[in-house]
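# Observations on the three-dimensional arrangement
Chain residues, written in single-letter form:
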Amino acid sequence: MSFTKRTAKPGFSVQNIGSALSQAVVLTVVLGIVYVLFTNTQENLALRGIESGFEFLDHEAGLPIGDSLIEYNPTRSYGYAFLVGILNTLFVSFLAVVFATILGVFVGIARVSHNWLLAKVAAIYVETLRNLPLLLTLFFIYSVVLAALPHPRAAIELVEGVYLSKRGFYLPRPMAEAGFSIFLTAALAALALGLGFWRWAVTYKMRTGRPMPGFWGGLGIFVILTGLAYLATGRPISSELPVYAGFNFKGGLAMKPEFASLLIGLVLYTAAYIGENVRSGIQSVQAGQIEAANALGVSNAVVTRKVLLPQALRVTIPATTNDYASLVKNSSLAVAIGYPDMVSIGGTIIGQNGQAVEIIGMWMAVYLTINLIISLGMNYLNARVLHVER
Amino acid sequence: MDDNTIIFQPAPARPAPSSRVGPRAWLRANLFGGWKDTVVTLILLAILALTLPGLVDWMFVRATFFGDADNCRQAGGACWPFIVDKFNVLMMGVYPQELGWRPAVCAIALIVLAALTYTNRVRGIVLIVAWAILPVFALFMIGGAFGMREVDQSLWGGLMLSIMLALVGVIVSIPLGVLLALGRYYGPPVVKSLCVAFIELLRGVPLITILFMASVMMPLFLPPDLVINNLLRIQIAMILFSAAYMAEVVRGGLQAIPAGQTEAALALGVSRARTIAFIVVPQALRHVLPPLVGRCIALFKDTSLVIIVGLLDFLGMIKNASLDTTWLGFQAEAYVFAAFVYWLICYSLSLYGRELERRGPSAQKR
């Protein structure tokens, strides 16, 4: 790599005193600007009677939060309220990443399908979603689509226990009964056994050359053993169904419309981008590769798994990494429809005590950390799983 | 040559079998290839049959095109008079109605220039100068100069504001992005690390946090007696944000220029600065024109976020209009209209991007 870098910039290396001096000047100017901004800020904060520092994090927040993953009430501290926001951001981003990936893969495959209608529908989906601002999509879902749903009293029941209404979506809540911990242990053991069988099958296939259905066998072991354990421990999972009482549903898992809109919007928007990555990945694999594999009599499923996917993913993964990062950043649009994510809660705190510098600093620190983790994780995946060269 | 020479005359080709050509073959190849294809096609047709007629019915058949809110409520379909009634507000916000011709002139100038650019009638330095002058002209026209009545920036809004934010943002952020990319690629260590820090910081955080920074934090940074209005602060934020992304696009172009280009220039005795300015950058920009257009689309979509910091751009006006009590209950129409306008602008830009890709350097190589 150092070779290409050297040839790419011939004669532009900086070794002399003149350039060292000019760099020192640049640094001094930048530091000078930072100093002026800093003193200005101090002066302005003093003028407006705004405190500085992070002591406010311990003060009582007094702000209500509509949707929290952890126990929260307004007497908790600002720091705790901000944590609620961080968790909400992470939660909605995580779910959106999972669903957007699934939908995106479908859309990408549909785009290159031989089925004309399917390819056209997928193309229209991609071209529509990608050419609209996400904020517009969110507003549309929030105030047109979800608002058109019926009142909870007349909620649409999709399947038993799943209700759609304009106040939100309601799902059955799984509840752990007696014997759940034994069942959980058994299930984990079954998972380990299944994975163990898969690994063994792979090495067996390598050693003997004889086929051994590792994935399906392992999955079978896991499913059958888990099912047996479930029956043996006396069905330790029950579900609490949402019930309409008074003016709204009680019990069950409730999904507020704000959360649902944000999740749906993020998924639809990002899936369009991921679909394009998948499409360009598939199209980047030369047709000769597939034809050669087919000519050798390799089955279609194996061609897809062993020839098409590994090469397509090399194109798809890096682009999708960027889309995941954008998704996390886009989740900040929550503030526009009132889902209490980190930006929304932080914005409320700024409104209350004016400590914008601290809050904006905290936002940036959290987002930069999340981005760093995503790119580290995806780089690892890229290096370890996808770039297996001979 | 005697007359008995037989010239070989192949028999005319037989027509392809009917199973290979014609609409039936097309249907079989593209829609009903096998049982899986058939199932997918039927499911999609069923979904379309369930949704499309209702949509067409709402948008056109039962829709009201002339009349007032009561006519709309009786008809039950889409209410397009609502959009007509709000059209001026959606286009230019609370800008004085009687001065509406000024933004209109700018819009016509923009459309003409865009058409000339798309058809490749204007090119090179003239094109760049024209696009650089346009936003300045628009600022003077809309704000009031040359002895025209001044219109305060707090009155700017609607689609006009969205386009202004995007246009000024793009035109200022591209040169800034080029400088940042050059700093990152060729700069000495201190400059390089400053550029990297700036680019990565801005790319790592959501635009909203930067807009909040501009609207809440920037007043704190400035000397107490210096007041910059909200619109300008937000415009600056959008420029800086966009510049960070532009810089990364341009850097990709810089990396695509073979080392031989700079080596040849230096060997001929061209100075470093001139090599970069006249040999590397123009070629690099040519390489990255399509992704630069992509960034323009992204920036235009991002202008919708200014609603969160209190500017009433196109989407903001749409939202406002949908809360008007006279026209209550016609939100869907407002958003459908907004979607149509945003889509039209973004999609034509992306068509232009594809056109550039077709004309571009990588296409010529093939």
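Bear in mind that the values here come from a model prediction, so they are computed numbers and not experimental data. Counting restarts for each chain, with residues numbered from 1 along the sequence as it is written. The order in which chains are written sets their letters, starting at A; the order in which ligands are written sets their numbers, starting at 1. Per-residue local features of the predicted model are confined to residues with pLDDT of at least 70, and side-chain atom pairs are confined, for both listing and counting, to 80 or more; whole-chain, interface and lining totals are unaffected and use all residues.

What follows deals with the overall build of chain A. The helix and strand tally for chain A stands at 13 helices and eight strands. What the globule rule says is 2.2 Å times the number of residues to the power 0.38, and the radius of gyration is computed from C-alpha atoms. For 390 residues, the compact-globule formula gives about 21 Å, and the C-alpha radius of gyration of chain A, at 27 Å, lies well above that figure. Using C-beta atoms placed from the backbone, we call a residue buried if 20 or more other C-beta atoms fall within 10 Å of its own, exposed if 12 or fewer do, and partly exposed for counts in between. In chain A, which comprises 390 residues, the share counted as buried stands at 29%. A pair of residues counts as a contact when their C-beta atoms, built from backbone coordinates, are separated by no more than 7 Å. A sequence separation of at least 24 residues applies to 68% of the contacts in chain A between residues at least 6 apart. Only runs of H or I of at least four residues qualify as helices and only runs of E of at least two qualify as strands under DSSP, and these elements are numbered from the N terminus.

Attention now moves to the overall build of chain B. When helices and strands are tallied, chain B shows 15 helices and zero strands. The C-alpha radius of gyration computed for chain B amounts to 28 Å, which surpasses the reference 21 Å derived for 366 residues by more than 25%, pointing to a less compact arrangement than a globule. Considering only C-alpha atoms, chain B reaches an extent of 105 × 80 × 45 Å along its principal axes. Contacts in chain B between residues far apart in sequence, at least 24 positions, make up 66% of those at least 6 positions apart.

Counting 145 residues, the largest nonpolar core has Leu138 of chain A together with Leu211 of chain B as its most contacted members. Examining the composition of this core, we find that 15 residues originate from one element, helix α7 (residues 158-186) of chain B, more than from any other. With near-sequence residues (within four places) excluded, leucine 138 of chain A lies in contact with Ser261, Leu262, Gly265, Leu333, Ala336 and Ile337 of chain A. Membership of the second largest hydrophobic core comes to five residues, among which are Ala155, Tyr163, Phe169 and Phe249 of chain A. In these notes, a nonpolar core means any group of buried Ala, Val, Leu, Ile, Met, Phe, Trp, Tyr and Cys residues linked to one another through C-beta atoms within 7 Å.

Counting residues at the interface gives 49 residues for chain B, matched by 51 residues for chain A. Taken together, the elements giving at least two residues each to the side of chain B that touches chain A come down to α2 (35-61), α8 (189-204), α9 (207-221), α11 (259-267), α12 (272-302), α13 (314-322) and α14 (331-359) of chain B. A total of ten residues in the side of chain B that touches chain A trace back to one element, the largest contributor, which is α14 of chain B. Under this grouping Gly is polar, as are all residues other than the nonpolar Ala, Val, Leu, Ile, Met, Phe, Trp, Tyr, Cys and Pro and the charged Asp, Glu, Lys and Arg. A class-by-class count of the residues in the side of chain B that touches chain A yields 35 nonpolar, nine polar and five charged.

Residue and element names in this part refer to chain A. Residue ranges assigned to each domain were obtained from an automatic or database domain assignment. Splitting chain A by domain gives domain 1 (25-55), domain 2 (78-131 + 265-386) and domain 3 (180-232). Distance between the C-alpha centres of domain 1 and domain 2: 38 Å. Of the residues assigned to the side of domain 1 that touches domain 2, the class counts are two nonpolar, two polar and two charged.

All names here are of chain B. Domain parsing of chain B yields domain 1 (31-75) and domain 2 (80-95 + 151-365). Taking only C-alpha atoms into account, the centre of domain 1 sits 36 Å from that of domain 2. Domain 1 puts eight residues into the contact, and the matching count from domain 2 is six residues. Residues of the side of domain 1 that touches domain 2, tallied by class, amount to five nonpolar, two polar and one charged.

This brings us to the packing of helix α9 (residues 287-295) of chain A against helix α10 (residues 300-330) of chain A. All names here are of chain A. To get an axis, fit a line to the C-alpha atoms, keeping to the stretch in contact for a helix; angles then go from 0 to 180 degrees between the N-to-C directions. Where α9 meets α10, the axes come as close as 10 Å, and the angle between the chain directions of the two elements is 140 degrees. With respect to α10, the axis of α9 lies oblique. Read as a crossing pair, α9 and α10 show a hand that is right-handed. For the pair α9 and α10, contact is made by Gln289, Ile290, Ala293 and Asn294 and by Val303, Val307 and Leu308, respectively. Partitioned by chemical class, the residues of the contact of α9 with α10 number five nonpolar, two polar and no charged. Oblique is the label for any angle not under 35 degrees, not over 145, and not in the 65 to 115 range, which are roughly parallel, roughly antiparallel and roughly perpendicular in turn. In this scheme the crossing of two helices becomes right-handed for a clockwise turn of the near helix relative to the far one and left-handed for an anticlockwise turn of less than a right angle.

Moving on: the environment of arginine 48 of chain A. Relative to the assigned elements, arginine 48 of chain A resides in helix α2 (residues 17-48). Taking the C-alpha atoms as reference points, arginine 48 of chain A and glycine 354 of chain A, 306 residues apart in sequence, are found 9.2 Å from one another.

Here helix α5 (residues 134-145) of chain A crosses α14 of chain B at 165 degrees, and the two axes come no closer than 10 Å. Judged on the interaxial angle alone, α14 of chain B and α5 of chain A are roughly antiparallel. Crossing hand, α5 of chain A versus α14 of chain B: left-handed. From α5 of chain A, Leu136, Phe139, Phe140, Ser143 and Val144 of chain A reach across to α14 of chain B, where they touch Gln331, Ala332, Tyr335, Ala338, Ala339 and Tyr342 of chain B. Looking at side-chain class alone, the contact of α5 of chain A with α14 of chain B contains nine nonpolar, two polar and no charged residues.

Turning our eyes to something else, we now look at unusual backbone geometry. Residues other than glycine predominantly adopt negative phi, and peptide bonds predominantly adopt the trans conformation. The residue arginine 235 of chain A is not glycine, and still its phi comes out positive at about 45 degrees. For arginine 235 of chain A, the position within the fold is in the loop between α7 (214-232) and β5 (237-240). You will see that asparagine 120 of chain B, though not glycine, has its phi angle at about 65 degrees, which is positive. Relative to the helices and strands, asparagine 120 of chain B resides in the loop between α5 (101-118) and α6 (124-143).

This part is about the sheet that holds strand β1 (residues 156-157) of chain A. Backbone hydrogen bonds hold the strands of a sheet together, and the pairing may be parallel or antiparallel. Residue and element names in this part refer to chain A. A sheet is described by the order of its strands in space; here four strands give the open sequence β1-β2-β3-β8, paired in antiparallel fashion. Strands with a single pairing partner mark the edges of an open sheet, and in this sheet they are β1 and β8 (253-255). By the convention used here, strands pair only if DSSP detects at least 2 bridges between them. Pairing between β1 and strand β2 (residues 163-165): two bridges, direction antiparallel. The residue of β2 that forms the bridge with isoleucine 156 is leucine 164.

Let's shift gears to the environment of methionine 148 of chain B. Residues and elements named next belong to chain B. Counting through the fold element by element, methionine 148 comes out in the loop between α6 and α7. Residue methionine 148 is classed as partly exposed on the basis of its 13 C-beta neighbours within 10 Å. Taking the C-alpha atoms as reference points, methionine 148 and valine 126, separated by 22 residues in sequence, lie 28 Å from one another.

All right, on to the environment of alanine 190 of chain A then. Residues and elements named next belong to chain A. Relative to the elements of secondary structure, alanine 190 occurs in helix α6 (residues 180-208). With 19 C-beta atoms packed within 10 Å, alanine 190 lands in the partly exposed category. The sequence separation of alanine 190 and glycine 218 amounts to 28 residues, and the corresponding C-alpha distance is 9.4 Å. Excluding its chain neighbours within four sequence positions, the residues that come into contact with alanine 190 are Ile221, Phe222, Leu225, Thr226 and Ala229.

Next up on the list: the confidence of the model for chain A. All names here are of chain A. Each residue gets a pLDDT score, which is the predictor's confidence in that residue and runs from 0 to 100. Per-chain confidence: chain A averages 86 in pLDDT, with 94% of residues scoring 70 or above. Ranking the elements of chain A by mean pLDDT puts helix α1 (residues 2-8) last, at 41, and helix α8 (residues 257-284) first, at 95. Here residues 1-10 is modelled with pLDDT under 50, and outside its nearest four sequence neighbours on either side it reaches seven contacts, counting other chains as well.

Let's shift gears to the confidence of the model for chain B. Predicted coordinates in regions of low pLDDT should not be interpreted in detail. Residue and element names in this part refer to chain B. In this model, chain B carries a mean pLDDT of 89, and residues with pLDDT of at least 70 account for 98%. Helix α15 (residues 361-365) is the least confidently modelled element of chain B, averaging 60 in pLDDT, while α7 averages 94, the highest of any element. Quick note on the complex model: pTM equals 0.88, ipTM equals 0.89.

The next thing to look at is α6 of chain A. Residues and elements named next belong to chain A. For α6, built from 29 residues, the straight-helix expectation of 42 Å at 1.5 Å per residue is met to within 8% by its first-to-last C-alpha distance of 41 Å. If you check which residues of α6 are buried, you get Phe183, Gly194 and Phe197. Lining the buried residues of α6 we find α7. Following α6 by one or two positions, glycine 209 has its phi on the positive side, about 80 degrees. Between the first and last residue of a helix there are one fewer steps than residues, each counted as 1.5 Å, and that sum is the expected span.

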